[in-house]
Amino acid sequence: MTGIVIEDVSKSFTIGKGSVQALSDITVTLPPGSFTALIGPSGCGKSTLLRLIADVLPPTSGTIRIGDKTPDTARRAHEIGFVFQDATLLPWRNVLQNIRLPAEVAGIPAVRDPRYLIDLVGLKGFEEARPSQLSGGMQQRVAIARALSLDPKVLLMDEPFGALDEITRQRMNMELLRIWKETGTTAVLVTHSIAEAVFMADTVLVLAARPGRIAQSIAIDLPRPRTLAMMRDPAFNGFENAVRAALFGDEVEAA
Amino acid sequence: MSGALARSGRFWSSGGWLGAILPPALVLLAVGLAVEWAKAAGLLPITIPAPSQVAAVAPAQAADLWWHAQSTLRNAALGYVISAFVAFTLAGVALSLARAERPILSIGVAIDCIPIIALAPIFAVWVGAGPTLGVVIAGIAAFFPLLLGAVQGFKATDANARELFHVMAASRWQRLRLLSWPSALPFIFAAFKIAAPLSLLGALIAEWMGTDRGLGAMIIYALFSFNVPVVWLTILTVCAISALAYGLIALVESRVVTWGTDAEAGG
Ligand SMILES: Nc1ncnc2c1ncn2[C@@H]1O[C@H](COP(=O)(O)OP(=O)(O)O)[C@@H](O)[C@H]1O
Ligand SMILES: [Mg+2]
């Protein structure tokens, strides 16, 4: 299992003549096999942080290590799985072909049997279906199966269930935890939902905006496996309140 | 389950081609009948014949029509294919050299802005009024839509999909083959469909510069001998060939682009 170490990472974008500081001095360690949730107001740099880890963008300063590798080396070794907010499936490929894509690009046999993955995400019988024939939730499950197909050491998810209804979302979250447990991958989930963050994560990183920085790191000390019943637990509400307080600061009392 | 899904998908995409052909056929029939009636009622000028008059001259003209059509078709097809090669090559340059894109598209626009009818006599002076002129003008007429379709098509990849390919550490060639090319196909087919009738028109106009073979020449002969039904027979033949070329490309497209796309409106 592979951890992620982020040290003094800053990222600024140049827009025209000016520059925007998207992230400032992020330092955090995500232990191997852990589940981390990133939450914060929009524009605080959550997606940017994921992109830095996945080597889609280089940091302006600071270093990121994935295990003993740089993000670039980890990416080229196919150790990173990425799930976007919209499924980003190739519409001309069916479910099975979409899940096979990473192995095809890497030129190696799939590490996890695509048919097993289809089973894992509950899409048995839909192997030959085109993305346009699937619901949003099913498409997102294909995207997760695709991200898992080379058994990545880290799984990065940028609001993967943001577009789904509450019920589907809850179901997907349960499945995701089961998959995460089964694969032992180090997971990072960007979310807008406080309850989702607390339900899923070992650690919730609350980000603040302008510039994007870690306002607070909250360890979620709830037993696993997590169950829906836990959401009624006072301890669960306590963690939710802690996250809410970190997100809104004094506004909570003022309102 | 998935089998049923796939079947219903196929049903909607290529199925019911009778349904695609029937409405225009009925409209054509209705227009034909209306013109026939208007002609009989004496409402139409002498330059518009009754459809039955056109049909009456068709058998005697069939051999001539075929002989002329062959030449026009050959010129149009050759111009079309050469134009596609040039357009795709230039699109490739425009896409791999960011600085080249604007100049190349500007040249395309400039060529597209000059009316073919004005270009034809100029080229007639250079290459003569023979078949070569037909090929050249057909190619020029088809050029801009093909260039634009290729450039736009290859740029039409989804930003997230590009990031996905980056995360997967895909090579340039893999990106082209697995992402850009399929994304471009709907645009390319749209361009091919638009360009086909244009190159036929180009070949026709070239023949008006004074050649003795081709449907354009046949129209001119018929005009000069004031054989109105033959003029119309020729015009209708050109229309039919245009529609057929468009339909053929659309048929190939429906076999190749079997996924739903946003670019369908372009066709
Ligand atoms: N490619 C980019 N170019 C310029 N600015 C960017 C780019 N990506 C993100 N930003 C800016 O960085 C900040 C953080 O964006 P983002 O990471 O998308 O936020 P979040 O995902 O938390 O909503 C925003 O101010 C955004 O405008
Ligand atoms: Mg975001």
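Residue numbers restart at each chain and count upward from 1, following the sequence in its written direction. Starting at A for chains and at 1 for ligands, labels are handed out in the order in which the entities are written. A pLDDT threshold of at least 70 governs which residues receive local features in this predicted model, and a stricter bar of 80 or more applies before side-chain atom pairs are shown or counted, although totals over entire chains, interfaces and linings include all residues. Where side-chain values are given, they derive from all heavy atoms of the structure, hydrogens and water being excluded.

**Student:** Would you mind going over the overall build of chain B with me for this structure?
**Tutor:** Numbering of helices and strands starts at the N terminus; helices are DSSP runs of H or I of at least 4 residues and strands are runs of E of at least 2. A count of helices and strands for chain B gives 10 helices and zero strands. Walking chain B from its N terminus toward its C terminus, one meets helices and strands in the order α-α-α-α-α-α-α-α-α-α. The C-alpha extent of chain B, read off along each of the three principal axes, is 70 × 55 × 30 Å. For chain B, the proportion of its 267 residues judged to be buried stands at 40%. In this analysis, two residues are considered to be in contact whenever any of their non-hydrogen atoms come within 4.5 Å of each other. Counted over contacts in chain B with a minimum sequence separation of 6, partners at least 24 positions apart contribute 73%. Counting every atom, chain B has about 14,500 Å² of accessible surface; 73% of that belongs to carbon and sulfur. Counted as positive: Lys and Arg. Counted as negative: Asp and Glu, with His and the chain ends omitted from the count. Taken as the charge centre is NZ of Lys, CZ of Arg, CG of Asp or CD of Glu, depending on the residue. Charge centroids of chain B, computed over 14 positive and 11 negative side chains, lie 9 Å from each other. Each residue's exposure class comes from its accessible area (1.4 Å probe, protein chains only) as a fraction of the maximum for that residue type: buried when under 20%, exposed when over 50%, partly exposed otherwise. Calculation of accessible area relied on Shrake-Rupley with a 1.4 Å probe; when residues are assessed, cover is drawn exclusively from the protein chains displayed.

**Student:** Just to check I follow, could you spell out the nonpolar core for this structure?
**Tutor:** Across soluble globular proteins, nonpolar side chains have a tendency to be buried as a group. Definition of nonpolar core: a set of buried residues of the types Ala, Val, Leu, Ile, Met, Phe, Trp, Tyr and Cys, connected through side-chain atoms within 4.5 Å. One finds Ile6(A), Leu156(A) and Phe165(B) to be the most contacted residues of the largest nonpolar core, which totals 65 residues. Among the elements that line this core, the one with the most residues is helix α8 (residues 172–207) of chain B, at 10 residues. Apart from the residues lying within four places of it in its own chain, the contact partners of Phe165(B) are Leu90(A), Leu101(A), Val105(A), Ala170(B), Gln174(B), Arg175(B), Leu178(B) and Leu179(B). With 50 residues, the next largest nonpolar core counts Phe35(A), Leu117(A), Leu222(A) and Ala246(A) among its residues.

**Student:** Please explain the interface of chain B and chain A as it appears in this structure.
**Tutor:** Interfaces are frequently sized by the accessible area removed from exposure as the parts join. Contact residues are listed per partner, giving 23 residues for chain B and 27 residues for chain A. For the pairing of chain B and chain A, the buried interface totals around 2,300 Å² over both sides, and the portion due to carbon and sulfur atoms is 64%. Here a salt bridge means any side-chain nitrogen of Lys or Arg lying within 4 Å of a carboxyl oxygen belonging to Asp or Glu. Our count for the chain B to chain A interface comes out at one salt bridge. Notably, a salt bridge pairs Glu163(B) with Arg51(A), separated by 2.8 Å at the nearest N-O pair. A 3.5 Å cut-off defines polar contacts: any pair of N or O atoms within that distance qualifies, except that in protein one atom must be a possible hydrogen donor and the other a possible acceptor, and neighbouring residues in sequence count only when both atoms are side-chain atoms. The tally of links from chain B across to chain A stands at six residue pairs in polar contact (both at pLDDT 80 or more). At the level of elements, α1 (2–13), α7 (159–167) and α8 of chain B are the ones that each hand at least two residues to the side of chain B that touches chain A. Buried area: the sum, over both parts, of the accessible surface (1.4 Å probe) that disappears when the two are put together.

**Student:** Hey, could you run me through the confidence of the model for chain B in this one?
**Tutor:** Interpretation of the predicted coordinates at a detailed level should be avoided for regions scoring low in pLDDT. All names here are of chain B. For chain B, mean pLDDT is 88; residues scoring 70 or higher make up 91% of the total. Per residue, pLDDT measures the predictor's confidence, with a range of 0 to 100. Note on residues 1–15: pLDDT is under 50 here. Beyond four places in sequence and across chains, it has 11 contacts. Under a pLDDT of 50 for its full length, residues 263–267 has, in the predicted model, seven contacts with residues more than four places off or in other chains. Across the interfaces of the predicted complex, the ipTM metric reaches 0.90, alongside a pTM of 0.83.

**Student:** Explain the environment of Ser10(A) to me, please; I cannot follow it from the model alone.
**Tutor:** Relative to the helices and strands, Ser10(A) resides in strand β1 (residues 4–15). Through-space distance from the C-alpha of Ser10(A) to that of Trp92(A) is 38 Å; in sequence the pair is 82 residues apart.

**Student:** What should I look at first to understand the sheet that holds β1(A) in this one?
**Tutor:** Two orientations exist for strands paired in a sheet by backbone hydrogen bonds: parallel and antiparallel. All names here are of chain A. Strand pairing is assigned whenever DSSP identifies at least 2 bridges connecting the two strands. Pairing is antiparallel in the open sheet, where three strands are placed in the order β2-β1-β4. The sheet terminates laterally at β2 (18–30) and β4 (61–66), the two strands that pair on one side only. Sheet twist, expressed as the mean angle between neighbouring strand axes with direction ignored, is 25°. Bridge analysis of β1 against β4 gives five bridges, and the strand direction is antiparallel. Paired with Val 5 across the bridge in β4 is Arg 65. For every element, the axis is a line fit to its C-alpha atoms; helices are fit only across the contacting stretch, and the angle between N-to-C directions ranges from 0 to 180 degrees. With respect to the sheet, helix α1 (residues 46–53) is in contact with β1, β2 and β4, its orientation differing from that of β1 by roughly 115°.

**Student:** Is there a simple way to think about the side chain of Asn98(A) in this case?
**Tutor:** Along the chain, Asn98(A) turns up in helix α3 (residues 95–106). Leave out the neighbours within four places in its chain, and Asn98(A) touches Leu89(A), Leu90(A), Arg93(A), Pro131(A), Val142(A) and Arg146(A).

**Student:** I would appreciate a short explanation of the pattern of salt bridges in the present structure.
**Tutor:** For side chains of opposite charge, pairing can occur when their charged atoms come near one another. All names here are of chain A. Counting across every chain of the model gives 13 salt bridges over all chains. The closest approach of N and O atoms between Asp 55 and Arg 75, which form a salt bridge, is 2.8 Å. In this pair, Asp 55 is assigned in the loop between α1 and β4 and Arg 75 in helix α2 (residues 71–76), connecting sequence segments 20 residues apart. By relative accessible area, Arg 75 is classed as buried at 4%. Linking Arg 224 and Asp 202 is a salt bridge whose minimum nitrogen-to-oxygen distance equals 2.7 Å. Residue Arg 224 is located in the loop between β9 (213–219) and α8 (234–248), and its partner Asp 202 is located in the loop between α7 (194–200) and β8 (203–208); the two are separated by 22 residues in the primary sequence.

**Student:** Honestly, the packing of aromatic side chains in this entry has me stumped. Any pointers?
**Tutor:** For any pair of aromatic rings, the description consists of the separation of the ring centres together with the inter-plane angle of the planes. All names here are of chain B. Here a Phe, Tyr or Trp ring, Trp counted by its six-membered ring, pairs with any other such ring whose centre lies within 6.5 Å, and the pair is stacked when the planes are under 30 degrees apart, edge-to-face when over 60, and tilted otherwise. Summed over the entire model, instances satisfying the criterion amount to seven aromatic pairs over all chains. Here the aromatic rings of Phe 123 and Trp 126 are separated by 5.1 Å at their centres, their planes lie at 80°, and the arrangement is edge-to-face. Taken together, the residues span about one helical turn, with Phe 123 and Trp 126 both in helix α5 (residues 116–127) at a distance of three residues. Overall, Phe 123 belongs to the buried group, its relative accessible area being 18%.

**Student:** Honestly, the pairing of strand β3 (residues 35–39) of chain A in this entry has me stumped. Any pointers?
**Tutor:** Working note: regular strand, side chains alternate between the two faces of the sheet. Residues and elements named next belong to chain A. A large share of β3 lies buried, amounting to five of its five residues. Burial of β3 is two-sided: the residues Phe 35, Ala 37 and Ile 39 facing one way and the residues Thr 36 and Leu 38 facing the other way are all buried. Across four bridges, β3 lies against strand β7 (residues 186–190) in parallel orientation. If you follow Ala 37 over to β7, its bridge partner there is Leu 189. In terms of strand pairing, β3 meets β8 through four bridges, oriented parallel. Paired with Ala 37 across the bridge in β8 is Val 204.

**Student:** Hey, could you run me through α8(A) in this one?
**Tutor:** Think of an α-helix as turning once every 3.6 residues; residues three or four places apart then point the same way. All names here are of chain A. In this model, α8 (15 residues) spans 21 Å end to end at C-alpha, consistent with the 21 Å of a helix rising 1.5 Å per residue. Restricting attention to buried positions, one finds in α8 the residues Phe 236, Phe 239, Glu 240, Val 243 and Ala 246. The buried residues of α8 occupy one face: seen down the axis, they fall within an arc of 125°. Summarising the contacts, the buried residues of α8 are in contact with β3, α7, β8 and β9. With a side-chain oxygen lying 2.9 Å from the backbone nitrogen of Ala 235, the N-terminal cap of α8 falls on Asp 233. One or two positions beyond α8, positive phi appears at Gly 249, with a value near 55°. Multiplying 1.5 Å by the helix residue count minus one yields the expected span of that helix. The directions from the helix axis to the C-beta atoms form the arc being described.

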